[in-house]
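Here's the letter readout for the chains.
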Amino acid sequence: MEAERGVTLGIYVPLADMTETRPLRAAARVSTEGVGVRSVEPEPEQRAPENTPRFLYGTAWKEERTERLTRLALETGFTGIDTANQRKHYHEAAVGAAVRATLASGAVTRERLFLQTKFTHAGGQDQRLPYDPNAPVATQVAQSFESSLEHLGTDYVDAYVLHGPTRSRGLGPEDWEAWRAMEALARAGRTRCLGVSNVTVDQLRLLCAQAEVAPAFVQNRCYARTTWDRAVRELAAERGIVYQAFSLLTANAAELGQPPVVNAARRTGRSPAEVVFRFALAAGMLPLTGSSSAAHLRQDLAVETFELLPDELHAIERTSARGRLG
Ligand SMILES: NC(=O)c1ccc[n+]([C@@H]2O[C@H](COP(=O)([O-])OP(=O)(O)OC[C@H]3O[C@@H](n4cnc5c(N)ncnc54)[C@H](OP(=O)(O)O)[C@@H]3O)[C@@H](O)[C@H]2O)c1
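What you see is a predicted model, and the numbers here were worked out from it, not measured in a lab.

(A) Molecular detail of the overall build of the chain. Within the chain one finds 14 helices and 10 strands. Put simply, the chain has 326 residues, and 44% of those count as buried. Counting only contacts in the chain whose residues sit at least 6 apart along the sequence, the fraction spanning at least 24 positions is 73%.

In structure tokens form, the structure reads like this:
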């Protein structure tokens with residue numbers, strides 16, 4: 001019954017099908033503020049923009065290889081890049097160097113390219129901060145954002161993501177201050193939409209209830225043992241939020257060796273990694289890969305050239321090495 005609910009809730013809907021039904025451009029809003037003046041203001045985007053790719057290239061942990069690998073991913077055909085202004089794990093300026101070089105080569109246009117970066121609270125940073133830690137959080141967001149634009153060599157980003165709340169339960173005043181500042185950036189058209197990362201289902205619900213600009217994306221680590229973050233995916237699907245999945249391979253090493261994935265890999269002649277990415281796409285997720293291998297990058301982009309059977313999707317959705325052992 002549980003699994004059937006997943007199917008009827010549209011969990012097995014490819015991203016393209018989900019986005020096609022969405023308004024790609026938000027409607028204009030008529031403002032009656034001011035004396036006798038009616039002006040039309042553009043509404044900020046509250047849905048994934050139309051250039052949202054099927055797969056995102058993640059740029060974490062690459063240090064001096066960041067520029068070369070980001071270029072490689074773009075040359076291989078990735079059009080979506082995920083980064084963060086968090087020097088501890090990302091080298092955003094090197095991502096920008098790769099973006100500039102690829103745009104200059106004409107391999108991809110800025111309109112087609114989907115650039116996503118993040119604001120990271122001080123607790124998630126090392127000493128290399130992109131903002132004044134003594135400034136109010138709203139100022140930190142503004143400073144971090146300006147620095148991201150400079151790193152990336154662009155005057156807008158496609159998605160701006162709150163890297164994670166300051167607490168594991170609920171949302172604190174700093175999180176709201178950051179979100180309100182991010183909303184201002186969205187209203188000013190400096191980011192096409194907003195996203196949030198590393199949240200529980202309760203935190204996502206709370207954010208959706210009180211946000212003035214709703215998140216278009218949620219980006220989470222996706223564990224098979226939580227039925228692939230099912231609670232968050234279901235809430236996201238209900239609200240028209242695109243679920244971005246990271247650590248699909250690294251967080252699920254045990255499950256990749258279990259019969260649901262292994263049998264599907266054997267039948268299709270693909271690797272367990274390809275099967276998991278194919279499952280993720282079929283489940284409506286937008287997966288991230290941070291591969292450093294040209295062959296894997298090509299494989300990852302090509303996972304839609306094969307299909308998994310409904311029974312295989314079902315078995316993979318329910319696989320959990322911990323459950324089997326326990
Ligand atoms: N919001 C957050 O807090 C957060 C946290 C973590 C990550 N992220 C984002 O998510 C991105 C991805 O991170 P991740 O945690 O998913 O791990 P990752 O860094 O992408 O690592 C993926 C691993 O999978 C391997 N791989 C990829 N494709 C493969 C294939 N076809 N066959 C076999 N192996 C394959 C890679 O090995 P090879 O290099 O050999 O291919 C690599 O070891 C990051 O770069 C970052 O952008 C966000």
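Here the narrative resumes, following the displayed structure.
(B) Highlighting the pairing of strand β10 (residues 286-289). Burial of β10 is two-sided: the residues Leu286 and Leu288 facing one way and the residues Pro287 and Thr289 facing the other way are all buried. Here strand β3 (residues 56-58) runs beside β10; their pairing, made up of two bridges, is parallel. Paired with Tyr57 across the bridge in β10 is Thr289. Two elements, strand β9 (residues 242-246) and β10, share two bridges in a ladder whose sense is parallel. Across the sheet, residue Gln244 finds its bridge partner in β10, namely Leu286.

(C) Examining the site of the ligand more closely. Around the ligand lies a shell of 25 residues, among which Gly58, Phe246, Ala273, Gly290 and Ser291 are the nearest. Those elements that provide at least two residues to the shell around the ligand are α11 (272-282), β10 and α12 (294-301). Ranked by residue count, the leading element in the shell around the ligand is α12, at three residues. Classifying every residue of the shell around the ligand gives six nonpolar, 16 polar and three charged.

(D) Representation of the pairing of β9 in the model. Across the five residues of β9, five count as buried, placing the element largely inside the fold. Alternating positions in β9 separate into two faces, Val242, Gln244 and Phe246 on one and Tyr243 and Ala245 on the other, with burial throughout. As paired strands, strand β8 (residues 217-221) and β9 are joined by five bridges and run parallel to one another. Looking at β9, one finds that Val218 is bridged to Tyr243.

(E) Quick peek at the environment of Leu207. Looking at where Leu207 falls in the secondary structure, it is placed in helix α7 (residues 201-210). When the C-alpha atoms of Leu207 and Trp179 are compared, they prove to be 9.0 Å apart, with 28 residues separating the residues in sequence. Sequence-distant contacts of Leu207, defined by excluding residues within four places in its chain, comprise Leu171, Trp179, Val196 and Pro215.

(F) Seen up close, helix α8 (residues 230-239). All buried positions along α8 are accounted for by Val232, Arg233 and Ala236. Buried residues of α8 fall within an arc of 100 degrees about the axis and therefore sit on the same side. Those residues of α8 hidden inside the fold are in contact with α7, β8 and β9. Just past α8, the residue Gly240 takes up positive phi, approximately 75 degrees.

(G) Quick peek at the sheet that holds strand β5 (residues 114-119). A barrel is described by the order of its strands in space; here eight strands give the closed sequence β3-β4-β5-β6-β7-β8-β9-β10, paired in parallel fashion. Along the sheet, successive strands turn relative to each other by an average axial angle of 25 degrees, direction set aside.

(H) Structural detail: the nonpolar core. Of all hydrophobic cores here, the largest spans 76 residues; its most connected members are Tyr160, Met182, Val218, Tyr243, Val276, Phe279 and Ala280. The dominant element in this core, judged by the number of residues it contributes, is α11, at seven residues. Once residues lying within four places of it in the same chain are set aside, the contact partners of Ala280 are Ala245, Leu248, Met285 and Pro287.

(I) A look at the packing of helix α10 (residues 259-268) against helix α13 (residues 310-317). Direction vectors running N to C along α10 and α13 enclose 150 degrees, while the axes themselves pass 8 Å from each other. On the basis of the axis angle, α10 is roughly antiparallel to α13. Between α10 and α13 lies a crossing whose hand is left-handed. Residues Pro260, Val261 and Ala264 of α10 form the contact with α13, whose participating residues are Glu312, Ala315 and Ile316. Looking at the contact of α10 with α13 residue by residue, the class counts come to five nonpolar, no polar and one charged.

Criteria and cut-off values
- Residues numbered from 1 in each chain as written.
- Predicted model: local features only at pLDDT ≥ 70, side-chain atom pairs only at ≥ 80, totals over all residues.
- Helix = DSSP H or I, 4+ residues; strand = E, 2+ residues; numbered from the N terminus.
- Buried ≥ 20, exposed ≤ 12 C-beta atoms within 10 Å, placed from the backbone.
- Contact = placed C-beta atoms within 7 Å.
- Pairing = 2+ DSSP bridges.
- Near = placed C-beta within 6 Å.
- Nonpolar A, V, L, I, M, F, W, Y, C, P; charged D, E, K, R; others polar.
- Arc of directions from axis to C-beta.
- Axes fitted to C-alpha atoms, helices over the stretch in contact; angles between N-to-C directions.
- Core = buried A, V, L, I, M, F, W, Y, C linked by C-beta atoms within 7 Å.
- Parallel < 35°, antiparallel > 145°, perpendicular 65-115°, else oblique.
- Left-handed = near helix turned anticlockwise from the far one by under 90°.

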